[in-house]
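These are the residues of each chain, in order.
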Amino acid sequence: SALKELVENAIDSGATRIAVRIDDGGLARIEVTDDGCGMSPEEMALALERHATSKLPDDAIEQVATLGFRGEALPSIASVARLTLESRKADAAEGWRRVVDHGAVIAEGPFALPPGTRVRVEDLFGRVPARRKFLRSPRSEYAACLDVIRRLAMARPDMAISLDHGDRRILALQG
């Protein structure tokens, strides 16, 4: 579910290329890098705040143009993992990095990276053993991650998307 949310955020950012890297089926690390619109430091801070949003403008489902508000799931993920968010807008001289460890901001500041966003999730449910025990084996979680990426890639054939598991390139689709 975390991977799906992160890739949907990348799609909503207008990305043309999305690179996904997972380790141990996503249990050790999930990383999503895109070349989308990027975020300013202020937008990053807001994206990591808990808030409620609606996908239905004026109660008209026909007008929904995104997969959700960018960052809607980020505070939830950051509360149960170590989340590193790095982003740079195309017109910005430098990017910004913010690290949240199980809900607490532990580092932030300027960071060099190309335009776009990179989100890294590590130690998922590391401090919440009651939730971690409900995760399946790394092999099963890997299969679920691969399924999510394949489905999203089929929905957006115009987008280049890659998936690496550990040191192996599993999927490389050109848009």
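Worth saying up front: this structure is predicted, and the values here are computed from it rather than measured.

## Comments concerning empty space enclosed by the protein
Working step 1: Scanning all chains against the criterion turns up 2 cavities of 30 Å³ or more.
Working step 2: The calculated volume of the second largest cavity comes to roughly 40 Å³.
Working step 3: Surrounding the second largest cavity, Val7, Ile11, Leu152, Ala153, Arg156, Met159, Ala160 and Ile161 form its lining.

## Re the side chain of Arg29
Working step 1: Examined against the element boundaries, Arg29 turns out to sit in strand β2 (residues 29–34).
Working step 2: Judged by its relative accessible area of 18%, Arg29 falls in the buried class.

## Details of the side chain of Arg98
Working step 1: Relative to the helices and strands, Arg98 is located in strand β4 (residues 95–101).
Working step 2: Separated by 3.1 Å, the side chains of Arg98 and Glu108 make a polar contact.
Working step 3: Apart from residues lying up to four places away in sequence, Arg98 is in contact with Met44, Ala45, Leu48, Leu83, Thr84, Leu85, Val105, Ala107 and Glu108.

## Section: the pairing of strand β8 (residues 168–173)
Working step 1: Taken together, the 5 bridges between strand β7 (residues 160–165) and β8 define a ladder with antiparallel strand orientation. When the bridges of β8 are listed, Asp164 appears paired with Arg169.
Working step 2: Counting the residues that bridge the hairpin from β7 to β8 gives 2 residues, and of these Gly166 lies at a positive phi of roughly 65°.

## Let's talk about the sheet that holds β4
Working step 1: Strand order in the open sheet made by the 8 strands is β5-β4-β3-β6-β2-β1-β7-β8, with mixed pairing throughout. Bordering the open sheet on either side are β5 (104–111) and β8, each of which pairs with just one other strand. Averaged over all pairs of adjacent strands, the angle between strand axes in this sheet comes to 10°, irrespective of strand direction.
Working step 2: Inspection of the sheet shows strand β1 (residues 17–23) paired to β2 by 6 bridges, in the antiparallel sense.

## A short note on the packing of helix α1 (residues 2–12) against helix α5 (residues 138–155)
Working step 1: For the pair α1 and α5, the least separation of the axes is 10 Å and the interaxial angle reads 25°. It follows that α1 is roughly parallel to α5 by the angle criterion. At the point where α1 passes α5, the crossing takes the right-handed sense. On the side of α1, the interface is formed by Leu3, Lys4, Val7, Glu8 and Ile11, while α5 contributes Cys145, Val148, Ile149 and Leu152.
Working step 2: Of the residues belonging to the contact of α1 with α5, the class tally is 7 nonpolar, no polar and 2 charged.

## Here we look at the environment of Arg21
Working step 1: Locating Arg21 in the fold gives a position in strand β1.
Working step 2: On the accessibility criterion, Arg21 (26% relative accessible area) is partly exposed.
Working step 3: The spacing of Arg21 and Leu3 is 18 residues in sequence and 10.0 Å in space, taken between C-alpha atoms.
Working step 4: Setting aside its immediate chain neighbours within four residues, Arg21 contacts Arg29, Ile30, Glu31, Asp164 and Gly166.
Working step 5: Polar side-chain contacts of Arg21 include one of 2.7 Å to the backbone oxygen of Gly166.

Cut-off values and rules
- Residues numbered from 1 in each chain as written.
- Predicted model: local features only at pLDDT ≥ 70, side-chain atom pairs only at ≥ 80, totals over all residues.
- Heavy atoms only, no water.
- 1 Å grid on protein atoms, 1.4 Å probe; cavity = no way out; pocket = protein on both sides within 12 Å on 5 of 7 lines; lining within 4 Å.
- Points joined across faces, edges and corners; volume = space filled by probe spheres on them.
- Helix = DSSP H or I, 4+ residues; strand = E, 2+ residues; numbered from the N terminus.
- Buried < 20%, exposed > 50% of the residue type's maximum accessible area, 1.4 Å probe, protein only.
- Polar contact = N/O pair within 3.5 Å; in protein donor to acceptor, adjacent residues only side chain to side chain.
- Contact = heavy atoms within 4.5 Å.
- Pairing = 2+ DSSP bridges.
- Axes fitted to C-alpha atoms, helices over the stretch in contact; angles between N-to-C directions.
- Parallel < 35°, antiparallel > 145°, perpendicular 65-115°, else oblique.
- Left-handed = near helix turned anticlockwise from the far one by under 90°.
- Nonpolar A, V, L, I, M, F, W, Y, C, P; charged D, E, K, R; others polar.

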